[in-house]
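# Summary of structural features
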Amino acid sequence: MASHTQGIQQLLAAEKRAAEKVSDAKKRKARRLKQAKEEAQDEIEKYRQEREKQFKEFEAKHMGSREDVAYRIEADTKAKIDEMTKQVNTNKDTVITKILELVYDIKPELHKNFKAIK
């Protein structure tokens, strides 16, 4: 009977060691997964920064900086406004004269769709 109890004790001890090994393996796997995830995040961040840098270089090369773009838009707008102001000043008297002529030169006549009632 003692050998039977001793065999059971050995089986229980072996089962306990096996459970500890499985537990250790799960912990190692979890650590490896966590480490892999962190490495992947670092790699993603490096790639994102690299692409952001490339985009900034591309943007600066093709469009200039944001201040340059804003300055160009402002200068273009000012030039267009100046041109419009110049045209207004040039044509103002002519337009006013034509409008006044149309207002003063009234020719009363019946509309072509008007039918006289007899």
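Check the entry above for the structure.
Okay, so let's go over this structure. As the structure is a prediction and not an experimental result, all values here were calculated from the model.

### Comments concerning the overall build of the protein
Scanning the protein from terminus to terminus reveals two helices and zero strands. In summary, the protein has a C-alpha radius of gyration of 45 Å against a globular reference of 13 Å for 118 residues, an excess of more than 25%. The C-alpha extent of the protein, read off along each of the three principal axes, is 140 × 55 × 15 Å. Split by element, the accessible area of the protein, about 12,100 Å² in all, is 58% carbon and sulfur.

### Focus: the pattern of salt bridges
Where charged atoms from two side chains of opposite charge come close, those side chains can pair. Tallying each qualifying case throughout the model produces four salt bridges. Ionic pairing is found between R48 and E45, a salt bridge with its closest N-O pair at 2.6 Å. With R48 and E45 both in helix α1 (residues 2–63) and three residues apart, the pair spans about one turn of that helix. Residue classification places R48 among the partly exposed residues on the basis of a relative accessible area of 45%. Classification of E45 as partly exposed rests on a relative accessible area of 33%.

### Quick word on a negative patch on the surface
A surface patch of negative charge is lined by E38, E39, D42 and E43. For D42, the position within the fold is in helix α1. Under the relative-accessibility criterion, D42 is labelled partly exposed at 48%.

### Some thoughts on a nonpolar patch on the surface
A contiguous nonpolar patch, built from V95, I96, I99, L100, V103 and Y104 and spanning about 590 Å² of accessible area, is present on the exposed surface. Here I99 is to be found in helix α2 (residues 66–104).

### Considering a positive patch on the surface
A surface patch of positive charge is lined by K27, R28, K29, R31 and R32. Mapped onto the secondary structure, K29 falls in helix α1.

### Quick word on the environment of K92
Mapped onto the elements of the fold, K92 is located in helix α2. Between the C-alpha atoms of K92 and I117, which are 25 residues apart in sequence, the distance is 45 Å.

The rules behind the values
- Along each chain, residue indices are assigned from 1 in the same order as the chain's sequence is written.
- Only residues with pLDDT of 70 or above have their local features reported here, since the model is predicted, and side-chain atom pairs are shown and tallied only from 80 upward, although totals for entire chains, interfaces and linings are computed over all residues.
- Side-chain measures here rest on the full set of heavy atoms in the structure, leaving out hydrogens and waters.
- Runs of H or I in DSSP of at least four residues are treated as helices and runs of E of at least two as strands, each being numbered from the N terminus.
- Within these notes, the globule rule equals 2.2 Å times the number of residues to the 0.38 power, and the radius of gyration is based on C-alpha atoms.
- Computed with a 1.4 Å probe, the accessible areas rest on the Shrake-Rupley method; for each residue, only the protein chains presented here act as cover.
- Any Lys or Arg side-chain nitrogen found within 4 Å of a carboxyl oxygen on Asp or Glu counts as a salt bridge.
- We call a residue buried when its accessible area falls under 20% of the maximum for its residue type, exposed when it is over 50%, and partly exposed in between, using a 1.4 Å probe and counting protein chains only.
- For patch detection, residues must exceed 30% relative accessible area and be free of salt bridges, and they are connected within 9 Å for like charges or within 5 Å for nonpolar side chains (Val, Leu, Ile, Met, Phe, Trp, Tyr).
- In summary, the charge assignment counts Lys and Arg as positive and Asp and Glu as negative, without counting His or the chain termini.
- One atom stands in for each charge, and that atom is NZ of Lys, CZ of Arg, CG of Asp or CD of Glu.

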